[in-house]
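Here's the letter readout for the chains.
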Amino acid sequence: MTIRALALPPSGPEVDGWLAVLAAAGAADQPHLAPPSRVEVAGRLCVAPARGRAALWAADGGEGVAGLLLFTDEANRHTAYLDVLAVRPEARRRGIGTALWQRVREELLAQGRTSVATMIDLGGPGQAFAESLGFACVLPMAWYVQEVARRQPQQAGEPAAPGYELRAWHGLVADDWAGPVAKAHGAMEDAPTGDMDENIEPWTAERLHAAQRLILDRGGELTTVAAVTEAGEVAAYTELVLPDPGGPRALQYDTVVVPAHRGHGLGRAVKRRMLALAEQRYPALRQIATTVADENTPMRAVNEALGYRRERGAAYFQLKL
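The structure presented is a predicted model; accordingly, all values stated were derived computationally and were not measured.

Draft legend 1. Local environment of the overall build of the protein chain. Looking only at helices and strands, the protein chain has eight helices and twelve strands in total. Scaling as 2.2 N^0.38, a compact globule of 321 residues should have a C-alpha radius of gyration of about 20 Å, and the protein chain matches this with 20 Å. The principal-axis extents of the C-alpha atoms in the protein chain amount to approximately 65 × 40 × 35 Å. Burial statistics for the protein chain: of 321 residues in total, 45% are counted as buried.

Draft legend 2. View of the environment of Pro243. Counting through the fold element by element, Pro243 comes out in the loop between strand E9 (234–242) and strand E10 (249–257). Once the C-alpha coordinates of Pro243 and Leu70 are considered, the two residues, 173 residues apart in sequence, prove to be 22 Å apart. Those residues in contact with Pro243 that lie beyond four places of it in its chain are Val39, Glu40, Gly219, Gly220, Arg249 and Leu251.

Draft legend 3. The arrangement of helix H5 (residues 175–185) in detail. Every buried residue belonging to H5 is among Trp177, Ala178, Val181, Ala182, Ala184 and His185, and all of these are buried. The arc enclosing the buried residues of H5, seen along the axis, measures out at 155°, which places them on a common side. For H5, exposure combined with an orientation more than 90 degrees from the buried face picks out Asp176 and Lys183. Among the structural elements, strand E7 (165–170), helix H6 (205–217), strand E8 (221–228), E9 and E10 are those in contact with the buried residues of H5.

Draft legend 4. The pairing of strand E6 (residues 136–147), seen in detail. Bridging between E6 and strand E12 (residues 309–320) involves nine bridges; their strand directions are antiparallel. Within E12, the residue paired with Val145 across the bridge is Arg309.

Draft legend 5. Structural detail: the packing of helix H1 (residues 12–29) against helix H2 (residues 38–46). The N-to-C vectors of H1 and H2 enclose an angle of 120°; their axes lie 10 Å apart at closest approach. When the axis of H1 is compared with that of H2, the two are oblique. Read as a crossing pair, H1 and H2 show a hand that is right-handed. Where H1 abuts H2, its residues Gly12, Val15, Asp16, Trp18, Leu19 and Leu22 lie against Arg38, Val41, Ala42, Leu45 and Cys46.

Draft legend 6. Representation of the nonpolar core in the model. Leu240, Leu266, Leu285 and Ile288 are the most contacted members of the largest nonpolar core, which has 28 residues in total. Sorting the residues of this core by element identifies E6, E8, E9, E10, helix H7 (266–281), strand E11 (287–293) and helix H8 (297–306) as the ones contributing at least two each. For this core, the element with the most residues is H7, which contributes five residues. If near-sequence neighbours (up to four positions away) are discounted, Leu266 is found in contact with Ala161, Tyr164, Ala227, Ala235, Ala236 and His261.

Draft legend 7. A look at the pairing of E9. The buried count for E9 comes to nine of nine residues, which makes it a mostly enclosed element. Of the pairings in the sheet, the one linking E8 to E9 comprises eight bridges and is antiparallel in character. Note on E9: the bridge partner recorded for Thr224 is Glu239. Two successive antiparallel strands, E8 and E9, enclose a turn made up of five residues, where Gly232 displays a positive phi of approximately 85°.

Draft legend 8. Highlighting the environment of Pro162. Tracing the sequence through the fold places Pro162 in the loop between E6 and E7. A sequence separation of 102 residues divides Pro162 from His264, and the C-alpha atoms of the two residues are 8.9 Å apart.

Draft legend 9. The arrangement of H1 in detail. With 18 residues, H1 extends 26 Å between its outermost C-alpha atoms, agreeing within 8% with the 26 Å of an ideal straight helix rising 1.5 Å per residue. Every buried residue of H1 is listed here: Val15, Trp18, Leu19, Val21, Ala24 and Ala25. Looking at the packing, one finds that the buried side of H1 touches H2, strand E2 (52–59), strand E3 (64–71) and strand E4 (80–87).

Draft legend 10. Expanded view of the pattern of salt bridges. Counted under the stated rule, the structure contains 16 salt bridges. As a salt-bridge pair, Glu63 and Arg94 come within 2.7 Å of each other at their nearest N and O atoms. Linking Glu63 in the loop between E2 and E3 with Arg94 in the loop between E4 and helix H3 (96–110), this pair joins segments that are 31 residues apart in sequence. Here Glu147 makes a salt bridge to Arg309, at a shortest N to O gap of 3.2 Å. Of this pair, Glu147 sits in strand E6 while Arg309 sits in strand E12, and the two are 162 residues apart along the sequence. Residues joined by salt bridges that share partners form a network here, namely Asp121, Arg249, Glu311 and Arg312.

Analysis parameters
- Residues numbered from 1 in each chain as written.
- Predicted model: local features only at pLDDT ≥ 70, side-chain atom pairs only at ≥ 80, totals over all residues.
- Heavy atoms only, no water.
- Helix = DSSP H or I, 4+ residues; strand = E, 2+ residues; numbered from the N terminus.
- Rg over C-alpha atoms; globule rule 2.2 N^0.38 Å.
- Buried < 20%, exposed > 50% of the residue type's maximum accessible area, 1.4 Å probe, protein only.
- Contact = heavy atoms within 4.5 Å.
- Arc of directions from axis to C-beta.
- Pairing = 2+ DSSP bridges.
- Axes fitted to C-alpha atoms, helices over the stretch in contact; angles between N-to-C directions.
- Parallel < 35°, antiparallel > 145°, perpendicular 65-115°, else oblique.
- Left-handed = near helix turned anticlockwise from the far one by under 90°.
- Core = buried A, V, L, I, M, F, W, Y, C linked by side-chain atoms within 4.5 Å.
- Expected span 1.5 Å × (residues − 1).
- Salt bridge = Lys/Arg side-chain N within 4 Å of Asp/Glu carboxyl O.

Spelled out as structure tokens, the structure:
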């Protein structure tokens, strides 16, 4: 068996092979989920990440793939994120996953990394394989999904609380609001992170726009909804990402309510306005998915009130090298 590193960006046939592995693995392990789209997979493989350097490997014969993100920000040069390690169901238990992992581990050690994390669905082959390598659960969470209903425009969304106004941006947040949104992002620092070995980098307008441009450059679309004050402060915001704008499933990214503005229902307000905008803009959209840490009781309560249901358990697993 040969494991080869892919040049960046990978070729069109290499992207197709990667997509085929992910589709086959997903059909076996999560048959209720829609298969990944080529737009999403090509975007992730061919556009360089904003926070680090990617490394990709594939098993000859198209039987398995692995992708690693090596962080390059100064606070996290000691760690990395295993974005994917997947093997076709019919090729499992033949050492392919172990061979892919060996190449990943060699790269981690060569780059001086002392830890690596990954996100895994609980109860499946991924968890068993990770635990066999020594990975341990550091942050239990779950996927939650909300079905998208087609409501009348007058029923969509809700006003913000008195003293707040709702604003929305499709694509990049407007330049004059990027700083306040980045400042509000700092409130995420009190969200549960378990025992993850990743340090929080300060958010700036430049970092916010870089993260948003990455979504757009990869072929996706982004909507941000914020509750703002008359003084120009962002009190709360939420982000919706469609990795494939024509696909049936979107991802709810960060939802933040600044501590000084909690207790006014702003989390529900920005999410409901976001949902209303998504219903109008994306006719093929059927579900919105998000992850919430088990410890994050307030956000789980907000999601439950909005109609999210628990879909499956997941967790961040981490290995110290």
